[in-house]
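Here's the letter readout for the chains.
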Amino acid sequence: MSKYQLKWGILATGGIAESFGRDLSVNPETRDRKDIEHVIVAAASSSSSDRAKKYLKAVNAPDSAKAYGSYKELVEDSNVDIIYVATPHSHHYQNTMQCLEAGKNVLCEKSLTVNAAQAEALIKKAKEKNLFLMEALWTRYFPLSIYAREMVTSGKLGTVERTFADLSFGSAPETSFEDSHRMVNPDLAGGALLDLGIYALTWVFQTLYTTQKNPQPPTVQSSMRKYEKTGVDQQTTMLLSFPRKEQGDAHGIATTGMRVASDPNGNMEAPAIRIQGSEGELMVFPPAFRPTRTKLVLKDGTVDQKEWPHPGPGPGSGFKNGFGGNFMPEGEGFGMFWEADECAYALKEGRKEGKYESLDESLVIMKVMDEVRKQHGFTLPEKIETTKYPVDL
Ligand SMILES: NC(=O)c1ccc[n+]([C@@H]2O[C@H](COP(=O)([O-])OP(=O)(O)OC[C@H]3O[C@@H](n4cnc5c(N)ncnc54)[C@H](OP(=O)(O)O)[C@@H]3O)[C@@H](O)[C@H]2O)c1
């Protein structure tokens, strides 16, 4: 059987681009996917082609892969099927628009943009050009997430009334980040909400919205604590109410912050997510972006704990992946390949969006984050919020 080969171009060479690139090198057969393969055919760095060369080496790309010193060269490369945009979210709108304008399919890192108007403009452009566009919410494509959603749709948890979800790091901004760091820098769309809160929202949405037959956008209330030095949010709490016709409203509590961690001792002892229904609950252990453990507790006495390690080339392979200096055990995949596989299947089948998060849903989530920011007067610089294109950032 001939395999469908997806030819990737990587736009930006920072931390997450390395994690993603390394996962692309893992043979899909290690996760029972025998009909697709991934290859990196080019990478571009805005700083230099040397930087792109180093990146290609670090992710073990084939020698034939092209190294570009500008994003423009990458979007013009006719050998590239799809571009992975891995710049800070401040740049997603400009970079993704550049790719779409050049006729490229795009997988864009989260958050898709900094506001809903930008997301809407990208979606419109992708539709106009008949291109594939997907927000890189990798967690949605994990087998663990598929299982969690099935626990809701199968009725196993009864009527799901509430989901709590948190993604927070215990890294107080005043001691952890220089003001120029992308986590706190408004010019790079810093703050907990757009960087971490999107994962708390992902869990609330994928259990209370994605799983509904005719989902309706939630109402939103929120609290926000700003970081005085730079004006971005350092702690945000959101209370969402999802209207449901027959079962009544379901509540989502999404929290994020930089002062207290979801996982205080790093041992995944307290759940980061609790999906609660009339028949029981599913706990998902941290981190919310890459969980590997669940515990189902039902009224009837069932207690079912599961481990969800990501497959990979296995011990002895020399393969290692991770992010931010935290590496997984040798041979274990990081898990970014699940979303890459979804891109391959979508393009193979002619689909224009991701199966587990439609573009409409990405847009509703951007609208929720807009509303939260509006409730607290949290704006970003005009050049970051604009829908004008092109703008030099
Ligand atoms: N999926 C996940 O788990 C995950 C984890 C972390 C981050 N992310 C998302 O991925 C994106 C990038 O995060 P990261 O941690 O990889 O950031 P990073 O290490 O700072 O890398 C960002 C890269 O973007 C490029 N870039 C272009 N213009 C830039 C500018 N003005 N300032 C800084 N960088 C610029 C640079 O690459 P070149 O010099 O090569 O152009 C830089 O290396 C963010 O949207 C973030 O939310 C996702």
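As annotated in an unreviewed UniProt entry, the protein chain carries the name D-xylose 1-dehydrogenase (NADP(+), D-xylono-1,5-lactone-forming) and is attributed to Saxophila tyrrhenica. Its UniProt record gives the protein chain a comment under Catalytic activity (unreviewed entry), which states: "D-xylose + NADP(+) = D-xylono-1,5-lactone + NADPH + H(+)". Looking at the Sequence similarities (unreviewed entry) heading of the UniProt record, one finds this comment for the protein chain: "Belongs to the Gfo/Idh/MocA family."

We now examine helix H4 (residues 92-101). Counted residue by residue, H4 has 8 buried out of 10 residues, so it is predominantly covered. Looking at H4, one finds that the buried residues are His92, Tyr93, Gln94, Asn95, Thr96, Met97, Cys99 and Leu100. Turning to H4, the residues buried within the fold contact strand S1 (4-11), helix H3 (71-75), strand S4 (82-85), strand S5 (105-108), helix H5 (116-129) and strand S6 (133-135). Two residues or fewer after H4 comes Gly103, characterised by a positive phi angle close to 85°.

The next subject is the sheet that holds strand S13 (residues 293-298). As summarised here, the arrangement of the 8 strands in space is S8-S9-S10-S7-S11-S12-S13-S14, forming an open sheet in which the pairing is mixed. Single-partner strands in this sheet number two, and they are strand S8 (219-226) and strand S14 (303-307). Adjacent strand axes in the sheet meet at a mean angle of 10° when their direction is disregarded. When S8 meets strand S9 (residues 233-242), the two strands line up antiparallel, connected through 8 bridges. Within the sheet, the bridge partner assigned to Ser222 lies in S9 and is Met238. Of the strands in this sheet, strand S7 (160-168), strand S11 (273-277), strand S12 (280-284), S13 and S14 are in contact with helix H6 (residues 143-153), which crosses S13 at around 15°. The strands touched by helix H10 (residues 359-375) are S8 and S9; relative to S8, the strand with the most contacts, the crossing angle is about 55°.

Let's shift gears to the sheet that holds S1. Across the sheet, 6 strands lie side by side as S3-S2-S1-S4-S5-S6; this open sheet has parallel pairing. Across the chains shown, the open sheet's two edge strands, defined by having one partner strand only, are strand S3 (66-68) and S6. This sheet shows a mean twist of 25° between the axes of neighbouring strands, independent of strand direction. The pairing of strand S2 (residues 36-44) with S3 spans 3 bridges and is parallel. When the sheet's bridge partners are listed, Ala44 is paired in S3 with Tyr68.

What counts and how
Residues numbered from 1 in each chain as written. Predicted model: local features only at pLDDT ≥ 70, side-chain atom pairs only at ≥ 80, totals over all residues. Heavy atoms only, no water. UniProt positions renumbered as here; feature names shortened; annotations may be inferred. Buried < 20%, exposed > 50% of the residue type's maximum accessible area, 1.4 Å probe, protein only. Helix = DSSP H or I, 4+ residues; strand = E, 2+ residues; numbered from the N terminus. Contact = heavy atoms within 4.5 Å. Pairing = 2+ DSSP bridges. Axes fitted to C-alpha atoms, helices over the stretch in contact; angles between N-to-C directions.

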